[in-house]
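Residue-level structure breakdown
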Amino acid sequence: MPALSAESRAPRSEGVVVALTKAGRTKIRYPAELVRDDGTRVTVRAPWAAPGVRDFGFVRFEPGDVFTEHYWRDRWFTVKEVRTAGGQLKGWYCDITRPAVLADGVLAVEDLDLDLWVSADGTSVLRLDEDEFEASGLSARDPGAAGAAARALDELEELARAEGLTALLT
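Residues numbered from 1 in each chain as written. Predicted model: local features only at pLDDT ≥ 70, side-chain atom pairs only at ≥ 80, totals over all residues. Heavy atoms only, no water.

A few words on the overall build of the chain. Regarding its fold elements, the chain presents 5 helices and 11 strands. For 170 residues, the compact-globule estimate of 2.2 N^0.38 gives 15 Å, and the C-alpha radius of gyration of the chain, at 17 Å, lies within 12% of that figure. Dimensions of the chain, computed from the C-alpha atoms along their principal axes, are close to 60 × 35 × 35 Å. Here the chain, with 170 residues, has 39% of them falling under the buried criterion. Of the contacts formed within the chain by residues at least 6 apart in sequence, a portion of 43% connects residues at least 24 apart. Surface exposure of the chain reaches about 9,300 Å², of which carbon and sulfur atoms provide 51%. Within the chain, one finds 21 positive and 29 negative side-chain charges whose respective centroids are separated by 3 Å. (Helix = DSSP H or I, 4+ residues; strand = E, 2+ residues; numbered from the N terminus. Rg over C-alpha atoms; globule rule 2.2 N^0.38 Å. Buried < 20%, exposed > 50% of the residue type's maximum accessible area, 1.4 Å probe, protein only. Contact = heavy atoms within 4.5 Å. Areas by Shrake-Rupley, 256 points an atom, 1.4 Å probe, with all protein chains shown as cover. Lys, Arg positive; Asp, Glu negative; His and termini not counted. Charge placed at Lys NZ, Arg CZ, Asp CG, Glu CD.)

Under the definition given, this model contains 11 aromatic pairs. Look at Phe 58 and Trp 117: their rings are 5.8 Å apart centre to centre, the planes differ by 40°, and that puts the pair in the tilted class. Taken together, the positions of Phe 58 in the loop between strand S4 (54-55) and strand S5 (60-61) and Trp 117 in strand S10 (residues 106-119) put the pair 59 residues apart, joining distant regions of the chain. Residue classification places Phe 58 among the partly exposed positions, given a relative accessible area of 30%. (Phe/Tyr/Trp six-rings, centres within 6.5 Å; stacked < 30°, edge-to-face > 60°.)

The structure is reproduced here in structure tokens:
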């Protein structure tokens, strides 16, 4: 039997569909390349999936941007590394979510409104959409999930300020 070449040992890239829901409705679905799945964390790569430019004031997402997205089956957040088409790091956009589920080629994630932005140089760490989270009524409907979401945002912010998010992603 011939020895395996490095090329034949390399993982094959597979396609998945990321399905993000919010308040029980599909927010967005988009195709992504499965980069890695170690059983706990799923990493995918995809181009900016929304039409046109989205300017948040602190960052612009635009056609050509590439997102390397990290989803956990046992954590209440996702971390999306955002780069320009030329490879320049813009920063990390983090969604607070229920743990991800990958089944039948669909990576399903429920957005819980809270977000965190970390700039490429780590000097800007912004908590986002806390008003939307409060208005969502999750605290009354599912206090356990609301508590897990708040703790996840605190954990991510603490990590971003202390050592940066790259430690989490390696």
